[in-house]
Amino acid sequence: DLDDDFHTWDATAMPDGVYRVQVTASDAPSNPPGSSLTGTHVSAAFDVDNTPPVVGSIEAKVQSRLAEMKVTVTDSFSVIGDVAYSLDAGDWTTVLPDDRIADSMKESYPFATAELAPGEHTITVRARDRAGNTAANKIVIRVGK
């Protein structure tokens with residue numbers, strides 16, 4: 001029952017899944033009764049993914065002035081897109097999964113920092129799924145003198 005040539009659908013209220021949209025159009029409003037035509041079209045399948053990935057606990061092993069990190073990222077619907085970390089709110093550095101290809105809904109990401117100054121440091125890990133949903137987690141580590 002739409003009269004406009006354009007319609008917007010807010011998919012953020014839909015659960016994650018694969019959808020098709022069916023549109024039926026009729027020229028009945030501009031024709032005499034009994035002479036109208038209708039047409040129906042079903043779209044190609046498309047994904048609705050509103051759920052962000054989960055950035056698991058970040059494991060940290062501090063040796064000397066370097067930190068070796070490992071984190072597992074999972075998503076309930078989409079493939080993991082990209083993962084990056086930031087040291088002390090600095091620039092984001094992209095990291096690759098164990099197998100070097102982000103192509104599944106669960107990936108493990110090992111990475112190491114450059115040499116760190118003594119003291120406390122915050123490492124934030126950000127993950128995006130292929131639908132663009134983003135999540136983050138952080139850990140605070142301490143580097144001795």
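Summarised in this report is the structure supplied together with it. (Residues numbered from 1 in each chain as written. Predicted model: local features only at pLDDT ≥ 70, side-chain atom pairs only at ≥ 80, totals over all residues. Heavy atoms only, no water.)

Summed over all chains, the structure comprises two salt bridges. Between R65 and E115 there is a salt bridge whose closest N-O contact spans 3.7 Å. Of the two residues, R65 is situated in the loop between β6 (59-63) and β7 (66-74) and E115 in the loop between β10 (106-112) and β11 (119-129); the sequence distance between them amounts to 50 residues. Residue R65 is classed as partly exposed on the basis of its relative accessible area of 30%. Ionic pairing is found between R128 and D82, a salt bridge with its closest N-O pair at 3.2 Å. Separated by 46 residues along the polypeptide, R128 in strand β11 and D82 in strand β8 (residues 80-87) bring together distant segments of the chain. With a relative accessible area of 28%, D82 lands in the partly exposed category. (Salt bridge = Lys/Arg side-chain N within 4 Å of Asp/Glu carboxyl O. Helix = DSSP H or I, 4+ residues; strand = E, 2+ residues; numbered from the N terminus. Buried < 20%, exposed > 50% of the residue type's maximum accessible area, 1.4 Å probe, protein only.)

The full count for this structure, using the stated rule, is three aromatic pairs. Ring centres 6.4 Å apart and planes at 70° place the aromatic pair W9 and Y19 in the edge-to-face group. Pair noted here: W9 is in the segment before β1 (17-19) and Y19 is in strand β1, with a separation of ten residues, a long-range link. Here the aromatic rings of Y85 and F111 are separated by 4.5 Å at their centres, their planes lie at 20°, and the arrangement is stacked. Separated by 26 residues along the polypeptide, Y85 in strand β8 and F111 in strand β10 bring together distant segments of the chain. Owing to a relative accessible area of 10%, Y85 belongs among the buried residues under this scheme. For F111, a relative accessible area of 9% gives the class buried. Sitting over the face of the ring of W92, R126 holds its NZ or CZ atom 4.3 Å from the ring centroid. (Phe/Tyr/Trp six-rings, centres within 6.5 Å; stacked < 30°, edge-to-face > 60°. Lys NZ or Arg CZ within 6 Å of the ring centre and 35° of its normal.)

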